[in-house]
Amino acid sequence: MPTLHWEGQSLAVAPGQTALDALLGAGVSIPHSCRAGACQSCLLQATAGEIPPSSQQGLKPALIAQGYLLACLCRPEADLHLTAPGPGARVPALITKLTWLSDSVLQVHLTTSESLDHRPGQYLTLLRDDGLARSYSIAGQEIELHVRRIPGGAMSNWLADVEPGTPVTLQGPAGDCFYTPGDPHQPLLLAGAGTGLAPLYGILRDALRRDHQGPIWLYHGALNESGLYLTAELEALAATYPNFQYRPTLFHRDGPLPEVLSAAHPKLAGWRGFVCGDPQIVNILKKRLFLAGMASRAISADAFLPSTLK
Ligand SMILES: Cc1cc2nc3c(=O)[nH]c(=O)nc-3n(C[C@H](O)[C@H](O)[C@H](O)COP(=O)(O)OP(=O)(O)OC[C@H]3O[C@@H](n4cnc5c(N)ncnc54)[C@H](O)[C@@H]3O)c2cc1C
Ligand code: FES
């Protein structure tokens, strides 16, 4: 049985068991959320031993080179020495401003003393000082998050009650959902529901700031009017930029978002797509874009996998 070494402790890892489960089982508090390799909140660094390559999927090359891995994907097959992420992977931050964008969506602004090399649309892991960790997409050039308040949700309800000036820690950024200049005339399709708008809003403004010339369509799906937010800001952008079309899509008025999208855009060869938010909707949208002819490498997606409370 391989042994996991952590801060002077040696833990036997059962066959197939993840490093995260072995550490949590031994009472070690490791930040984690999705347990599926999507949120990167369980990032740890290996200082010695054999790193299973599958535990580094989705990590930036710079992190891989430094021996970082995701504990929820790491099933050690040989002895492994692990430690918490170093200062290069995490930065202290302050919550500077909190604004309700709708009844349930809170806009959270943060600032860091060290600059964070992020692109709007990527995501960060926000850590509370007791180690609670959740990931959120970045909605702009500054660090702006859109957090939906989930009934009973640990992080979203804490954020809804904190005061500006509260310190937190940020890890990341991660993810490849961001605008890449290089083809300014390519049509862009941005689609998501709920706070899936956060990365799309960041990508949209980044594309416009970089003078993207091709058409940009943004579909924001919600059950009804109360699920929409930033409508005035998006309408103002659509009025300013003739190449930008904003399509708020209400389930009760327009039907399901994938159907609306398929009817409006049956042919998407040559387009670039971004889909974000609820994992089920993201999966359906990805398939629809692909079936309409969009190349799979042209589709960037971030599924907001929830935490699994185990
Ligand atoms: C890459 C990535 C990016 C993300 N970006 C964003 C973002 O920009 N904005 C945002 O609001 N969230 C985002 N999330 C989700 C976020 O990380 C948290 O999962 C979410 O805020 C809930 O955390 P919580 O601590 O409040 O609730 P928890 O305490 O984790 O959950 C409480 C209960 O609610 C359930 N639950 C959690 N989320 C949902 C949901 N959406 N709908 C229904 N039930 C739910 C849980 O399964 C649990 O039973 C992202 C997730 C990932 C992986
Ligand atoms: S990536 Fe490991 S808990 Fe989310």
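As the structure is a prediction and not an experimental result, all values here were calculated from the model.

1. Looking at the overall build of the protein chain
1) Next: Check the secondary structure of the protein chain and you find 8 helices and 16 strands.
2) Next: In summary, the protein chain has a C-alpha radius of gyration of 20 Å against a globular reference of 19 Å for 310 residues, a match within 12%.
3) Next: Expressed along its principal axes, the backbone C-alpha trace of the protein chain runs to roughly 60 × 45 × 35 Å.
4) Next: Buried residues in the protein chain amount to 51% of all 310 residues.
5) Next: Partitioning the contacts of the protein chain with sequence separation of at least 6, the portion at a separation of at least 24 is 67%.
6) Next: Separation of charge centres in the protein chain, based on 22 positive and 25 negative side chains, amounts to 6 Å.

2. With respect to the site of ligand 1
1) Next: With respect to spatial proximity, 23 residues lie near ligand 1, and among them Ser 135, Tyr 136, His 146, Ser 156 and Ser 307 are the closest.
2) Next: His 146 is positioned such that a nitrogen or oxygen atom in its backbone is 2.7 Å from a nitrogen atom of ligand 1.
3) Next: Between ligand 1 and the protein, one listed contact pairs an oxygen atom with a side-chain N or O atom of Thr 195 at 3.2 Å.
4) Next: Contact with the protein chains removes 79% of the 940 Å² of surface that ligand 1 exposes when unbound.
5) Next: Mapped by element, the contributors of at least two residues to the shell around ligand 1 are strand S9 (133-137), strand S10 (143-148) and helix H3 (154-161).
6) Next: Counting residues per element, the shell around ligand 1 draws most heavily on S9, at 4 residues.
7) Next: When its residues are assigned to classes, the shell around ligand 1 shows 14 nonpolar, 7 polar and 2 charged.

3. Focus: the packing of aromatic side chains
1) Next: Scanning the model with the defined rule gives 1 aromatic pair in all.
2) Next: Between Trp 217 and Tyr 219 the ring centres are 6.3 Å apart and the planes differ by 15°, which places this aromatic pair in the stacked class.
3) Next: For Tyr 219, a relative accessible area of 3% gives the class buried.

Criteria and cut-off values
- Residues numbered from 1 in each chain as written.
- Chains lettered and ligands numbered in written order.
- Predicted model: local features only at pLDDT ≥ 70, side-chain atom pairs only at ≥ 80, totals over all residues.
- Heavy atoms only, no water.
- Helix = DSSP H or I, 4+ residues; strand = E, 2+ residues; numbered from the N terminus.
- Rg over C-alpha atoms; globule rule 2.2 N^0.38 Å.
- Buried < 20%, exposed > 50% of the residue type's maximum accessible area, 1.4 Å probe, protein only.
- Contact = heavy atoms within 4.5 Å.
- Lys, Arg positive; Asp, Glu negative; His and termini not counted.
- Charge placed at Lys NZ, Arg CZ, Asp CG, Glu CD.
- Near = heavy atom within 4 Å.
- Polar contact = N/O pair within 3.5 Å; in protein donor to acceptor, adjacent residues only side chain to side chain.
- Areas by Shrake-Rupley, 256 points an atom, 1.4 Å probe, with all protein chains shown as cover.
- Nonpolar A, V, L, I, M, F, W, Y, C, P; charged D, E, K, R; others polar.
- Phe/Tyr/Trp six-rings, centres within 6.5 Å; stacked < 30°, edge-to-face > 60°.

These values are about where atoms sit, not about what they do.
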